Amino acid sequence: MLEKALTGSRGYWTLLAALFALVVVGLVTYLQQFAQGLGLTGLSRDVPWGLYISQFTFLVGVAASAVMVVLPYYVHHYKAFGKLAILGEFLAIPACFMCVLFIFVDMGQPRRVINIILHPTPHSVMFWDMIVLNGYLLLNVVISRATFRAERAGRPPPGWVKPIIYLSVPWAVSIHTVTAFLYCGLAARPFWLTAILAPRFLASAFASGPSLLILLALLVRRVTKFDAGKEAIAKLGEIVAYGMSVNIFFVGLEIFTAFYSGRPEEIEHFTYLYAGLHGHHVLAPWMWASLALSALALVLLLVPSLRRNESVLVVACLAVVGALWIDKGLGMVVTGFVPSPLGHVTEYWPTGREMLIALGIYALGGLVLTVLYKIATTVREELEA
Amino acid sequence: MKRRSFLKIAGLGLVGACGVPVAQAMARAGSTAPAPNASNGKRWAMVIDEKKCLTKSGCQACVLACHKGHNVPTMSESRHDVKWIWKEQFVNVFPERVTPYTPAAMKERPTLVVCNHCDNPPCVRVCPTQATWKRPDGLVAMDEHRCIGCRYCVTACPYGARSFNWEDPRPHIVGELTDYPTRTKGVVEKCTFCAERLAVGKRPLCVEACEGIGCGALVFGDLGDPNSAVSALVRGSELGRRKPELGTSPHVFYIL
């Protein structure tokens, strides 16, 4: 099947070359970090996790969101998602892969990561996160391979893959739940210490992941003959509308609990996030942009006539991805550290080199995604010809 | 002889050849019995007498002794600081003991902080490699050789007691001592209650330094021994502990 990725248009090769160049830049920068240590990032004593761990958290959501097409298609036999399912599964694979890479580049001693397996520690949530993430990656590789081969041969998927598909549904929920547990199980960090963190992560994942999938499906339709179908896109738009509404509701619950209860230790974090603390407010403009994008997305998604217009849907999806990336990929992790348990307000902003490494990982994910989508669309085009 | 069986025998031979030195090394490793003069505590603990400590304004004796004795680096950028024991403003250590009417001088008074060697340490719970663990004698120990540098423990500690080596610490060590190991970049370290000194019957460096200047604000000992000085202090005075509401049960006590 891989041979389908070896022939392509000029545009395809240009895209691959551009992504590859970014991967090389990221890799070279990572080698600097490997030599010098994590000191070349913007991280500090007070803010020990930043851009890398935030991207990991955001991308776990993207990976988990594949379940939003897998569940209707395989469990409820919702036929309209027939073509979208493969795009969803093929998005989950690079998303998981990027998650693992973002964890890896965050390690102070990357040569020793195998210690997690050599000394398995069930009382550490990070141990479980490693298991569910790698498991989910494996599940998606196995499922997409089996179903895609069957489809290519014009057969229904083999019987043995059905239970694996069913298993992948709760597994998708588990990856984001366990990732939330990484944070919400820490008494030291009141900002994360909330039982709603896992549901909130899932809601934002089920908004941002399908939004990304809509954007990708529409892009694929533009550049290839692969059409996921108008009905499928519209249905996915509806899912985004629900996901986004529930997410905003959950954020509201958090803000109510913090401010109405009046507990200073929770209020301080939210204040830092949206207004700044002691003159430090690097995240505040971003968070207000996120709120504005959320409001815009909500209006565009909730009015059916607007949502069903694909051009409007594109704007709504861009707004959702932007809003939730800022929320999860920028604000959520860092704010847990500001103020610190000793009351220090230390700000964090990624350094240029840190951003290049992150960009390199995104480019590598994009490269895998492009190759997988190339295979999927070429095979489809051949089947339809 | 078939190729298959030859490979089998050759493989076994190779394992044997490698196995002998490994077994010898393991036999040597097995002979690390505790030193005859080791201090064997049931539950090590520390009491910090704030009142005594405050009588020596600007004193850094314990901090310097600890950091010197443990090859703790002096980083050029404060955001990369490594600290085992240091002074914080009182308001940051015991925020619940400050009122809106507390005078600034009291709020800002320097208060000593170290790893609390908790009974229920969150850092140990979250570590994915057991590079940090709870010893039966109460110490929260740290193996910098196993640490993968994920900083989950730094995130989980409610006391800010853990430091990560953001860069190679060795060029930043002033007057490196050869009798204590240095660390590498990318690992976490913290106060160990001087496990290496307890193992040979000595008391922690900070405690000795504090006594050395005639202050005696730091008292260290075994709570399992009813006759120890710490046992007498925890029974006889009203003591503070940092963030007891988190359920960590710190074993550094404060006379405030």
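For every chain, the first residue of the written sequence is number 1, and numbering continues from 1 along that sequence. The lettering of chains begins at A and the numbering of ligands begins at 1, in the order of writing. Where totals are concerned, whole chains, interfaces and linings use all residues; where local detail is concerned, this predicted model gives features only for residues with pLDDT of at least 70, and gives and counts side-chain atom pairs only at 80 or more.

A closer look at the overall build of chain B
Then step 1. Runs of H or I in DSSP of at least four residues are treated as helices and runs of E of at least two as strands, each being numbered from the N terminus. A count of helical and extended segments in chain B gives ten helices and nine strands.
Then step 2. Residue burial in chain B is summarised as follows: out of 256 residues, 38% are buried.
Then step 3. Think of it this way: build a C-beta for each residue from its backbone, and any pair within 7 Å is a contact. A separation of at least 24 residues holds for 64% of the contacts in chain B among residues at least 6 apart in sequence. Neighbour counting defines burial: a residue surrounded by 20 or more other C-beta atoms within 10 Å of its own C-beta is buried, one with 12 or fewer is exposed, and intermediate counts give partly exposed, using backbone-placed C-beta atoms.

What to know about the overall build of chain A
Then step 1. From N to C terminus, chain A includes 14 helices and zero strands.
Then step 2. Its helices and strands taken in sequence order, chain A reads α-α-α-α-α-α-α-α-α-α-α-α-α-α from the N to the C terminus.
Then step 3. Computed over its C-alpha atoms, the radius of gyration of chain A comes to 21 Å, within 12% of the 21 Å expected for a compact globule of 385 residues.
Then step 4. By its C-alpha atoms, chain A is 65 × 50 × 40 Å across when sized along the principal axes.
Then step 5. Within chain A, the fraction of its 385 residues that count as buried is 48%.
Then step 6. When contacts within chain A are restricted to residue pairs at least 6 apart in sequence, those whose partners lie at least 24 apart make up 78%. Within these notes, the globule rule equals 2.2 Å times the number of residues to the 0.38 power, and the radius of gyration is based on C-alpha atoms.

Brief notes about the interface of chain A and chain B
Then step 1. Taken residue by residue, the interface counts 31 residues in chain A and 38 residues in chain B.
Then step 2. Broken down by secondary-structure element, the contributors of at least two residues to the side of chain A that touches chain B are helix 5 (115–118) and helix 6 (125–152) of chain A.
Then step 3. It is helix 6 of chain A that contributes the most residues to the side of chain A that touches chain B, three residues altogether.
Then step 4. A class-by-class count of the residues in the side of chain A that touches chain B yields 14 nonpolar, 14 polar and three charged. Residue polarity follows a fixed list, in which Ala, Val, Leu, Ile, Met, Phe, Trp, Tyr, Cys and Pro are nonpolar, Asp, Glu, Lys and Arg are charged, and the others, Gly among them, are polar.

Describing the confidence of the model for chain B
Then step 1. The predictor reports its confidence for every residue as pLDDT, a score running from 0 up to 100. For chain B, the mean per-residue pLDDT works out to 92, and 88% of the residues sit at or above 70.
Then step 2. Prediction confidence for the complex, expressed as pTM and ipTM, is 0.93 and 0.94 respectively.

Quick look at the environment of Val 299 of chain A
Then step 1. Residue placement: Val 299 of chain A occurs in helix 11 (residues 284–302).
Then step 2. It is 28 Å that separates the C-alpha atoms of Val 299 of chain A and Ala 92 of chain A, two residues lying 207 residues apart in sequence.

As for the packing of helix 1 (residues 10–36) of chain A against helix 14 (residues 352–384) of chain A
Residue and element names in this part refer to chain A.
Then step 1. Every axis corresponds to a line fitted to the C-alpha atoms, with the helix fit spanning only the stretch in contact, and the corresponding angles, defined between N-to-C directions, vary from 0 to 180 degrees. Contact pair helix 1 / helix 14: the axes reach a minimum separation of 7 Å and the direction vectors enclose 145°. The handedness of the crossing between helix 1 and helix 14 is left-handed.
Then step 2. Class assignment for the residues of the contact of helix 1 with helix 14 results in 17 nonpolar, seven polar and two charged. Left-handed describes a crossing in which the near helix is turned anticlockwise from the far one by less than a right angle; the clockwise case is right-handed.

Quick notes on helix 7 (residues 161–184) of chain A
Then step 1. If you check helix 7 of chain A, its first and last C-alpha atoms are 34 Å apart, about what 24 residues at 1.5 Å a residue would give, namely 34 Å.
Then step 2. Considering bend angle alone, the principal kink of helix 7 of chain A is centred on Val 169 of chain A and spans about 30°; proline Pro 170 of chain A follows within four residues of it. Every helix has an expected span of 1.5 Å times one less than the residues it contains. To get the bend at a given residue, fit one axis to the seven residues ending there, fit another to the seven starting there, and take the angle between those axes.

Observations concerning unusual backbone geometry
Residue and element names in this part refer to chain A.
Then step 1. Cis geometry is adopted by the peptide bond preceding Pro 339, which originates at Val 338 and carries an omega value of 0°.
Then step 2. Inspection of the secondary structure assignment puts Pro 339 in the loop between helix 13 (310–335) and helix 14.
Then step 3. Of note, His 77 is a non-glycine position whose phi angle comes to about 55°, a positive value.
Then step 4. Inspection of the secondary structure puts His 77 in the loop between helix 3 (67–75) and helix 4 (82–106).
Then step 5. Classification of His 77 by C-beta neighbours within 10 Å gives exposed; the count is 8.

Some remarks on the sheet that holds strand 8 (residues 218–222) of chain B
Where strands meet in a sheet, backbone hydrogen bonds hold them as pairs that are either parallel or antiparallel.
All names here are of chain B.
Then step 1. Strands pair, by our definition, only if DSSP identifies at least two bridges between them. The strand order across the open sheet formed by three strands is 8-1-9, and the pairing between neighbours is mixed. Both outer strands of the open sheet, strand 8 and strand 9 (252–255), are each paired with one neighbouring strand and no more. Strand-to-strand, the axes of this sheet are offset by a mean angle of 20°, without reference to chain direction.
Then step 2. In this structure, strand 1 (residues 44–49) lies alongside strand 9, joined through four bridges in parallel fashion. Following the sheet pairing, Val 47 is matched in strand 9 by Phe 253.

Side note on the packing of helix 9 (residues 230–261) of chain A against helix 11 of chain A
All names here are of chain A.
Then step 1. Running from N to C, helix 9 and helix 11 cross one another at 140°; their axes reach a closest spacing of 10 Å. As the angle between them shows, helix 9 and helix 11 are arranged oblique. Between helix 9 and helix 11 the crossing geometry is left-handed. From helix 9, Val 240, Ala 241, Met 244, Ser 245 and Ile 248 reach across to helix 11, where they touch Ser 294, Ala 297, Leu 298, Leu 301 and Leu 302.
Then step 2. For the contact of helix 9 with helix 11, the per-class residue count stands at eight nonpolar, two polar and no charged. Orientation categories follow fixed angle ranges, with anything under 35 degrees roughly parallel, anything over 145 roughly antiparallel, 65 to 115 roughly perpendicular, and all other angles oblique.

Quick word on the pairing of strand 3 (residues 110–114) of chain B
All names here are of chain B.
Then step 1. With four of five residues buried, strand 3 lies mostly within the body of the structure.
Then step 2. Summarising the sheet, strand 2 (residues 85–89) and strand 3 pair through five bridges and their orientation is antiparallel. Counterpart to Ile 85 in the pairing with strand 3 is Val 114.

Details of the nonpolar core
All names here are of chain A.
Then step 1. Membership of the largest hydrophobic core comes to 178 residues, with the highest contact counts inside it found for Ala 63, Cys 99 and Val 320.
Then step 2. Looking at which element gives the most residues to this core, the answer is helix 4, with 17 residues.
Then step 3. If we ignore the near neighbours within four places in the chain, the residues touching Ala 63 are Ala 92, Ala 95, Cys 96, Cys 99, Tyr 136 and Ile 175. By our criterion, buried Ala, Val, Leu, Ile, Met, Phe, Trp, Tyr and Cys residues that link up through C-beta atoms within 7 Å make up a nonpolar core.

Here we look at the environment of Asn 115 of chain A
Then step 1. Structurally, Asn 115 of chain A is set in helix 5.
Then step 2. Residues Asn 115 of chain A and Ala 292 of chain A, 177 residues apart in the sequence, show an inter-C-alpha distance of 44 Å.
Then step 3. In this structure, Asn 115 of chain A is in contact with Thr 129, Arg 146 and Ile 148 of chain B, ignoring residues within four places of it in sequence.

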